[in-house]
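# Structural overview
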Amino acid sequence: MWPFSTSNAAIVHEKRTQRENALASVTASKDVTEAQGAFLTATASEIVSHIEKGEWTASEVLEAYIARAAYAHAKTNCLTEVMLGPARQRASELDKDFAATKKLTGPLHGVPVSIKEQFEIAGVDTSVGFSQWANKPATKNADLVDQLLAAGAIIYVKTNIPQTMFAFECSNPVWGRTTNPYNENFTCGGSSGGEAALLAMDGSALGIGSDIGGSLRIPTAYCGIYSLKPASGRVSYVGAKGPVPGFDGIVSTAGPMGRSVKDLEIVSRITFGAPSSNHSIPPLPFREVKLPSKLRFGYYTSDNYIKASPACKRAVLESVEALRKAGHECIEFELPESNIPFNLFAGITSADGYKTMLSHLGPDPKENALHLVTLGPRIPSLVRTFATWILETFWKDKLFADTIRVTKSKSITDYWKLIAQRDEYSASFYQTVWNKNEFDAILAPVQALPQLPHGGCDNFSALAIATILYNVLDMPAGCLPVTRVDPEKDQLTEEWVNGPGLGSAVLEAGVYRGKTPLYNPEASKGMPVNIQIVGKRWEEEKVLAIMGVVDEALGKRGFGPGAWDAHMKSLS
């Protein structure tokens with residue numbers, strides 16, 4: 001798709017030129033010095049520790065991450081706004097303050113932090129990939145930005161997103177497409193895709209993303225890093241721009257992205273319950289959690305809408321095996337009618353026919369990833385009826401047919417009915433899953449596939465059902481890497497033809513069968529495979545603690561700071 005039109009070409013050129021000029025003085029090289037390597041392979045907490053001991057300075061650390069960010073951008077196109085001048089000034093000020101007082105500014109003193117494009121920073125554009133929103137700098141910081149700065153962080157870059165943030169192919173007409181750092185033929189995911197690509201290559205020590213349907217977890221999984229999606233009410237969202245202001249049928253939440261569980265915890269301690277400028281966040285700060293010695297996990301390997309691939313199933317089962325060896329209890333269970341929350345998500349988000357969301361495109365061409373997902377409301381009722389009849393009669397696919405039926409414009413009355421059904425499903429889930437089974441957490445695939453090749457989102461956005469479930473339920477969900485795709489272990493078997501857990505016949509045909517199926521373990525060999533770890537609402541701290549338990553049980557497996565370099569070196 002050509003990203004320019006007669007009326008947006010000048011703006012696109014201007015914004016990209018600004019980015020290029022900001023990075024022009026930085027040497028974007030894969031090679032790093034020994035000192036830079038030490039900075040880049042340190043977690044956020046380790047960076048702060050070294051600065052506190054007087055061994056490192058904030059300025060030294062920042063320069064290493066600037067150089068690496070430039071390299072990561074050259075490889076993946078992950079950056080949007082680049083703010084090196086203010087970042088260097090802040091690092092210098094932090095160093096001067098520490099030299100004078102020997103006291104840290106806060107728990108993130110001197111830590112280079114990147115942030116998703118949608119979060120406002122005073123004096124910096126928040127275009128969110130819309131050319132109409134460019135050249136309109138924010139007048140104040142998002143609450144999260146102020147909280148991070150107060151903790152001593154250095155915010156130096158913003159990162160790329162999909163157009164409208166309603167897809168997981170990370171591309172928009174203003175900034176272009178971001179690729180997966182492990183394989184340029186695959187997407188990095190979205191909508192927090194630029195963050196994930198940058199962090200995976202150690203171009204940032206910590207990041208902030210957001211999630212309304214998987215936007216933290218999907219790119220986290222595609223790039224093999226760590227993240228936490230809090231439920232609503234824990235972290236302020238003030239100053240996060242989006243294409244549908246006022247929409248709260250499915251609540252978008254902000255959360256940390258990083259290279260270790262510990263780093264997610266640091267950000268959570270800073271942001272949970274911190275006052276929001278609109279007084280929307282309950283004063284519930286981070287709480288200490290003491291886990292029982294034996295945890296009780298529930299797990300599944302199919303959501304019964306699109307069966308998880310062999311690689312994604314193996315990631316869950318390897319986690320289960322590791323936890324059982326560590327003395328924990330793991331019980332397989334079946335999700336209760338997961339098509340219901342997916343259809344609720346599709347019905348609620350399409351209530352106005354996507355008119356508000358798409359109204360911001362202006363002169364920008366619509367990205368391919370949005371064509372099918374936003375097509376539903378424009379289908380004439382007669383055509384919709386015929387299409388769903390075909391799906392049910394000849395494909396025996398009532399699952400996908402029902403999804404098509406609900407993706408249309410609605411009256412206020414119909415919208416209210418969907419919200420009531422959302423709440424009913426949530427209450428039922430608590431009763432039939434959490435209360436009945438007394439699980440401490442749920443282990444699940446992040447998506448049916450480890451990653452998608454570019455263009456895969458165009459026709460298969462329904463793959464997001466695996467993450468959407470926990471947005472509809474508004475539950476906290478962590479995401480961490482388990483393994484890598486191995487063609488010798490991850491081939492399709494008869495189970496993906498006639499076995500249990502099969503879902504939509506149409507979607508699974510495209511994912512697993514045909515001349516060019518999306519699932520191709522040979523093409524994605526060596527790429528990361530993550531799982532998601534889900535808890536009950538208001539139990540974010542417990543989810544983080546359990547993530548630590550799972551991470552420790554899995555042991556060393558080639559993820560975390562320095563993982564990308566080590567993996568690339570193993571291939572040479």
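Read on for an overview of the structure.

Reading the values: rules and limits
Residues numbered from 1 in each chain as written. Predicted model: local features only at pLDDT ≥ 70, side-chain atom pairs only at ≥ 80, totals over all residues. Heavy atoms only, no water. Helix = DSSP H or I, 4+ residues; strand = E, 2+ residues; numbered from the N terminus. Buried < 20%, exposed > 50% of the residue type's maximum accessible area, 1.4 Å probe, protein only. Contact = heavy atoms within 4.5 Å. Areas by Shrake-Rupley, 256 points an atom, 1.4 Å probe, with all protein chains shown as cover. Lys, Arg positive; Asp, Glu negative; His and termini not counted. Charge placed at Lys NZ, Arg CZ, Asp CG, Glu CD. Pairing = 2+ DSSP bridges. Axes fitted to C-alpha atoms, helices over the stretch in contact; angles between N-to-C directions. Patch = residues over 30% accessible without salt bridge, like charges linked within 9 Å, V, L, I, M, F, W, Y side chains within 5 Å. Salt bridge = Lys/Arg side-chain N within 4 Å of Asp/Glu carboxyl O. Core = buried A, V, L, I, M, F, W, Y, C linked by side-chain atoms within 4.5 Å. Phe/Tyr/Trp six-rings, centres within 6.5 Å; stacked < 30°, edge-to-face > 60°. Lys NZ or Arg CZ within 6 Å of the ring centre and 35° of its normal. Expected span 1.5 Å × (residues − 1). Bend = angle between axes of the 7 residues up to and from the residue. Right-handed = clockwise from strand over helix to strand, strands pointing away. Parallel < 35°, antiparallel > 145°, perpendicular 65-115°, else oblique. Nonpolar A, V, L, I, M, F, W, Y, C, P; charged D, E, K, R; others polar. 1 Å grid on protein atoms, 1.4 Å probe; cavity = no way out; pocket = protein on both sides within 12 Å on 5 of 7 lines; lining within 4 Å. Points joined across faces, edges and corners; volume = space filled by probe spheres on them.

### Considerations on the overall build of the chain
Per the secondary structure count, the chain includes 21 helices and 15 strands. Buried positions account for 61% of the 572 residues belonging to the chain. Restricting to contacts in the chain with at least 6 residues of sequence separation, those with at least 24 account for 81%. Only carbon and sulfur atoms are counted for the fraction: they give 55% of the accessible area of the chain, which is about 21,700 Å². Measuring between centres, the 56 positive side-chain charges of the chain sit 2 Å from its 60 negative side-chain charges.

### A closer look at the sheet that holds strand β15 (residues 528-534)
Spatial ordering of the open sheet is given by β1-β3-β2-β8-β10-β9-β14-β15-β13-β11-β12, a layout of 11 strands whose pairing is mixed. Taken across any chain shown, the strands that pair with only one partner, and hence form the sheet edges, are β1 (79-82) and β12 (329-332). Taken over all neighbouring pairs, the strand axes of this sheet differ in orientation by 30 degrees on average, direction set aside. By the bridge criterion, 4 bridges tie strand β13 (residues 441-445) to β15 in an arrangement that is antiparallel. When the sheet's bridge partners are listed, Ala 444 is paired in β15 with Gln 532. Its contacts with the sheet put helix α20 (residues 540-554) on β9 (226-229), β11 (296-299), β13, β14 (477-484) and β15, and the angle it makes with β14 is roughly 10 degrees.

### Considerations on a nonpolar patch on the surface
Together, Phe 386, Trp 389, Phe 394 and Trp 395 make up a nonpolar patch on the protein surface, roughly 510 Å² of accessible area in all. As for its position among the elements, Trp 395 is in the loop between α14 (381-394) and α15 (398-406).

### Topic: the nonpolar core
Counting residues in hydrophobic clusters, the biggest one holds 163 residues, and the most contacted among them are Phe 429, Ile 442, Leu 463 and Tyr 470. Examining the composition of this core, we find that 11 residues originate from one element, helix α4 (residues 58-76), more than from any other.

### Some remarks on the packing of aromatic side chains
All chains considered together, the criterion is met by 15 aromatic pairs. Consider the rings of Tyr 512 and Tyr 519, whose centres lie 6.0 Å apart with planes at 75 degrees: the pair is edge-to-face. Pair check on accessibility: Tyr 512 and Tyr 519 agree, each one buried. Between Lys 241 and the ring centre of Trp 133, over which it is positioned, the NZ or CZ distance is 4.3 Å. The ring of Trp 496 carries Lys 307 above its face, with NZ or CZ at 5.1 Å from the centroid.

### What about helix α16 (residues 412-437)?
With 26 residues, α16 extends 37 Å from end C-alpha to end C-alpha; this agrees with the ideal 38 Å at 1.5 Å per step. Along α16, the sharpest change in direction is near 30 degrees and occurs at Tyr 430. Of the positions making up α16, those classed as buried are Tyr 415, Leu 418, Ile 419, Arg 422, Tyr 425, Ser 426, Phe 429, Val 433, Trp 434 and Asn 437. On its buried face, α16 is in contact with β11, α11 (339-349), β13, α17 (465-472) and β15.

### Observations regarding the pattern of salt bridges
Tallied over the entire structure, the rule returns 26 salt bridges. Lys 15 serves as the salt-bridge partner of Glu 81, at 2.9 Å between the closest nitrogen and oxygen. Taken together, the residues Glu 81 in strand β1 and Lys 15 in helix α1 (residues 9-23) connect sequence positions 66 residues apart. As far as burial versus exposure is concerned, Glu 81 and Lys 15 are alike and both buried. The shortest N-O distance in the salt bridge between Arg 269 and Glu 288 comes to 2.7 Å.

### What to know about the pairing of β12
Here β11 pairs with β12 via 4 bridges, running parallel. Looking across to β12, one finds that Tyr 299 is bridged to Glu 332. On the question of chirality, the crossover connecting β11 to the parallel β12 by way of helix α10 (residues 310-325) is right-handed.

### Some thoughts on the pairing of β11
Looking at chain direction, β11 and β13 are connected through 3 bridges and run parallel. Note on β13: the bridge partner recorded for Tyr 299 is Leu 443.

### Points about the packing of α4 against helix α5 (residues 84-101)
The angle between the axes and the distance between the axes are what describe a pair of packed helices. Interaxial distance between α4 and α5 falls to 8 Å at its minimum, and their mutual angle equals 155 degrees. When the interaxial angle is binned, α4 and α5 end up roughly antiparallel. On the side of α4, the interface is formed by Ala 58, Ser 59, Leu 62, Glu 63 and Ile 66, while α5 contributes Leu 84, Ala 87, Arg 88, Ala 91, Ser 92, Leu 94 and Asp 95. Residues that form the contact of α4 with α5 fall into these classes: 7 nonpolar, 2 polar and 3 charged.

### Brief notes about unusual backbone geometry
The omega torsion across Gly 190 and Ser 191 is 15 degrees, close enough to zero to call that bond cis. Inspection of the secondary structure assignment puts Ser 191 in the loop between β7 (183-187) and α7 (193-200). A positive phi angle, close to 60 degrees, is found at Asn 77, a residue other than glycine. Among the secondary structure elements, Asn 77 is positioned in the loop between α4 and β1.

### Concerning empty space enclosed by the protein
A full pass over the atoms with the stated rule returns 5 cavities of 30 Å³ or more. Together, 14 residues line the largest cavity, and Tyr 300, Ser 302, Asp 303, Pro 445 and Ala 466 are the ones closest to its centre. Sort the elements by how many residues they give to the lining of the largest cavity and α17 lands first, with 3 residues. Within the lining of the largest cavity, the residues separate by chemical class into 10 nonpolar, 3 polar and 1 charged.

### A closer look at the environment of Lys 417
Structurally, the position occupied by Lys 417 is in helix α16. When its relative accessible area of 48% is taken as the criterion, Lys 417 is described as partly exposed. In the structure, Lys 417 is positioned 164 residues away from Thr 253 in sequence and 24 Å away in space, judged by C-alpha atoms.

### Structural notes on α4
With 19 residues, α4 ought to run about 27 Å at 1.5 Å a step, and its terminal C-alpha atoms sit 26 Å apart, in line with that. Among the 19 residues that make up α4, 14 are buried, leaving the element largely enclosed by the rest of the structure. Looking one or two residues beyond α4, the residue adopting positive phi is Asn 77, at roughly 60 degrees.

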